[in-house]
Amino acid sequence: MRREIFRPRVLLLIGTIVCVHVGAFSAAAQEPSPSQQGLITTFAPIVEKVAPSVVTVFTTQTVSRGQTAFPFGDDTLRQFFGGQLPQRQGKQTLQGLGSGVIVSPDGYILTANHVVSGAEEIMVGLGIDLRKYKARKIGTDPGTDVALLKIDEKNLPAITFADSEKARAGDIVLAIGNPFGLRQTVTMGIISAVGRGGIGIVDYENFIQTDAAINMGNSGGALVDAAGRLLGINTAIFSRSGGNQGVGFAIPANLARDVMQSLREKGRVVRGYIGASVQTLTPELAEAMKLKGQPTGALVGEVTPKSPSVKAGLRTGDVITAVNGKKVSDARELRLMIGSMAPGTKVQVEVNREGQSKILNVDLAEMPAGVAEQGAEAAPEEAAQPEKATVFGGVAVADISDDVRTALNLPKDIQGAVIAEIDADSSAAKAGLREGDVIQEVNKQPVKKAKDLVAISKRLKPNEKILIRVWSQGRSGYVALEPK
């Protein structure tokens, strides 16, 4: 079955009848139940302390029919619309429902960026009685899925932050939010894992994973520890149905707080920038690069011209193993390290270059706007049919003609052999190569035209991994290919 990622926000179409019954909540405080042999039998005092800090976020936006307004598939929508998708012509008004957390007495509120993205109006409801206030966006950060709102109110019950770096798998946590419009609902679970990344939700992933139930409407709500301190902002779930299946993700409180402070002070997040495209060094890549004893790191696939990396002497093929003495296990860790530093910071970067360790001094610049966005996927035009040559047993390559360059939106400085056809069962396809990719190097030998690649492929040694540098989806990276 297919595994899906959902960001648990509820969206309702105005004009469609949706009935949500909310039962009465008792405001009477409950005395903690006595514990037996140290066993905790109630979290009521913690919930009573924290729940007032969790708010409901209402959003309104107008979209045209045919525009993608719902971040869910048709099957998920049918849960809310009784099996019939709403049919409307022209403009449609959508209402969104999510959660937020009060982080200062003077009205600053943290939530998930996707809860308020595109909203024309934002209202915040406080408490069980939903006293509503108009909110304004102070700033948003799609890279971490964090947004900061502000309402004009004072003496609000601000939550206390925990040090999320101390969170451990197995710790008890509570998730508080507004699933399906059920205000201030509490669920309990444990932290399943910390430092989760590679999920593909946002650019800077360092999630706390939990099995505490998180459902539609919980986005932006609080994940708190057993002392009632904020550990994270709930943001997404893995689900086949759109409902909770025990795998939820929260943005760590430390990361959310850093983003919040930058948004509050500058209205945007300013990040350090090294100017290099990196990927995680896999065992297959390490073997193909003959890097014995180097099992982890961030492999540099491309360096940006005139960037801090170029000035420091970083090269493609270098493996970044540490920053300021702190080990770098993968590309995600490097991205988080550099992104958390201020522009102008001087850092020492340790690299493995063809088996030799080197120290490079890098002066970080400010990350340009939109630099983390991936290029749009494109396919070659059928009209462009250059002469093809077969390499690697199942890969047909061709020269980059003007038509192909236009169709693939290739920068003028990109040279190589473009993959025109590929056998889906070939080792190249299984390694991740696909039509439209441009092969730039093979075993560190440059490829400028298809004939170069053909010549190199004839000289390859049998039973030896092939290291390929390839331009794909707007950036260069490495692929380790099993011999044919």
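Placed above this text is the structure.
Quick look at the structure, then. For clarity, every value in this text was computed on a predicted model and none was experimentally measured.

Along its length, the protein chain carries 10 helices and 29 strands. The buried share of the protein chain, reckoned over its 484 residues, is 48%. Partitioning the intrachain contacts of the protein chain with sequence separation of at least 6 by distance along the chain shows that 64% fall at a separation of at least 24. Of the roughly 24000 Å² of accessible surface on the protein chain, 47% is carried by carbon and sulfur atoms.

This paragraph deals with the pattern of salt bridges. Tallied over the full model, the rule gives 11 salt bridges. Where Lys346 meets Asp363, a salt bridge forms, and the shortest distance between an N and an O atom there is 3.2 Å. Residue Lys346 is found in strand β20 (residues 346-353), and its partner Asp363 is found in strand β21 (residues 356-363); the two are separated by 17 residues along the sequence. With a relative accessible area of 61%, Lys346 lands in the exposed category. Exposure remark for Asp363: the relative accessible area of 44% places this residue in the partly exposed category.

Residues Leu110, Ile159 and Leu230 are the most contacted members of the largest nonpolar core, which totals 33 residues. Of all the secondary structure elements, the ones that give two or more residues to this core are α1 (44-50), β5 (108-112), β8 (146-150), β9 (172-177), β12 (222-225), β13 (230-239), β14 (248-252) and α4 (253-266). When residues in this core are grouped by element, the largest group, five residues, is from α4. Apart from residues no more than four positions distant in its own chain, Leu110 is found in contact with Gly100, Val101, Val103, Val146, Ala147, Leu148, Phe161, Gly220, Ile233, Ala256 and Met260.

Moving on: α4. Look at α4: 20 Å from first C-alpha to last across 14 residues, which is about the 20 Å you get at 1.5 Å a residue. Turning to α4, its buried residues are Ala253, Asn254, Ala256, Val259, Met260, Ser262 and Leu263. A positive backbone phi angle near 80° is found at Gly267, which sits one or two residues after α4.

What follows covers the packing of aromatic side chains. Tallied over the full model, the rule gives one aromatic pair. The lysine or arginine in question, Lys150, covers the ring of Tyr108, its NZ or CZ lying 5.4 Å from the ring centre.

The subject of this paragraph is a nonpolar patch on the surface. Taken together, Ile172, Met188 and Ile190 make up a surface patch of nonpolar side chains, about 250 Å² in accessible area. Tracing the sequence through the fold places Ile172 in strand β9. The class for Ile172 is partly exposed, based on a relative accessible area of 36%.

Bringing the side chain of Asp318 into the picture now. You can see Asp318 is positioned in the loop between α6 (308-312) and β18 (319-323). A distance of 2.9 Å separates a polar side-chain atom of Asp318 from the backbone nitrogen of Arg315. There is a polar contact of 2.8 Å between the side chain of Asp318 and the side chain of Arg353. Apart from residues lying up to four places away in sequence, Asp318 is in contact with Ala298, Leu299, Val300, Gly313, Val351, Asn352 and Arg353.

The next point concerns the pairing of β14. Counting buried positions along β14 yields five of five residues, so the element is predominantly enclosed. Looking at chain direction, strand β11 (residues 207-210) and β14 are connected through three bridges and run antiparallel. Bridged to Gln209 within β14 is Phe249.

Attention shifts here to helix α10 (residues 450-458). Turning to α10, its buried residues number three or more, namely Ala450, Leu453, Val454, Ile456 and Ser457. Take α10 and look down its axis: the buried residues cluster within an arc of 165°, on one side only. Seen from the open side of α10, the exposed residues pointing more than 90 degrees away from its buried face are Lys451 and Lys458.

Further remarks concern the environment of Gly220. Relative to the helices and strands, Gly220 resides in the loop between β11 and β12. Classification of Gly220 by relative accessible area gives buried; the value is 0%. When the C-alpha positions of Gly220 and Gly100 are compared, they lie 4.7 Å apart, and in sequence the two are 120 residues distant. With near-sequence residues (within four places) excluded, Gly220 lies in contact with Ser99, Gly100, Val101, Leu110, Thr111, Ala112, Ile233 and Asn234.

Quick look at the side chain of Ser309 now. Secondary-structure assignment places Ser309 in helix α6. Residue Ser309 is classed as buried on the basis of its relative accessible area of 1%. Not counting chain neighbours up to four residues away, the residues in contact with Ser309 comprise Ile274, Gly275, Ala276, Val303 and Leu314.

Thresholds, definitions, all that
Residues numbered from 1 in each chain as written. Predicted model: local features only at pLDDT ≥ 70, side-chain atom pairs only at ≥ 80, totals over all residues. Heavy atoms only, no water. Helix = DSSP H or I, 4+ residues; strand = E, 2+ residues; numbered from the N terminus. Buried < 20%, exposed > 50% of the residue type's maximum accessible area, 1.4 Å probe, protein only. Contact = heavy atoms within 4.5 Å. Areas by Shrake-Rupley, 256 points an atom, 1.4 Å probe, with all protein chains shown as cover. Salt bridge = Lys/Arg side-chain N within 4 Å of Asp/Glu carboxyl O. Core = buried A, V, L, I, M, F, W, Y, C linked by side-chain atoms within 4.5 Å. Expected span 1.5 Å × (residues − 1). Phe/Tyr/Trp six-rings, centres within 6.5 Å; stacked < 30°, edge-to-face > 60°. Lys NZ or Arg CZ within 6 Å of the ring centre and 35° of its normal. Patch = residues over 30% accessible without salt bridge, like charges linked within 9 Å, V, L, I, M, F, W, Y side chains within 5 Å. Polar contact = N/O pair within 3.5 Å; in protein donor to acceptor, adjacent residues only side chain to side chain. Pairing = 2+ DSSP bridges. Arc of directions from axis to C-beta.

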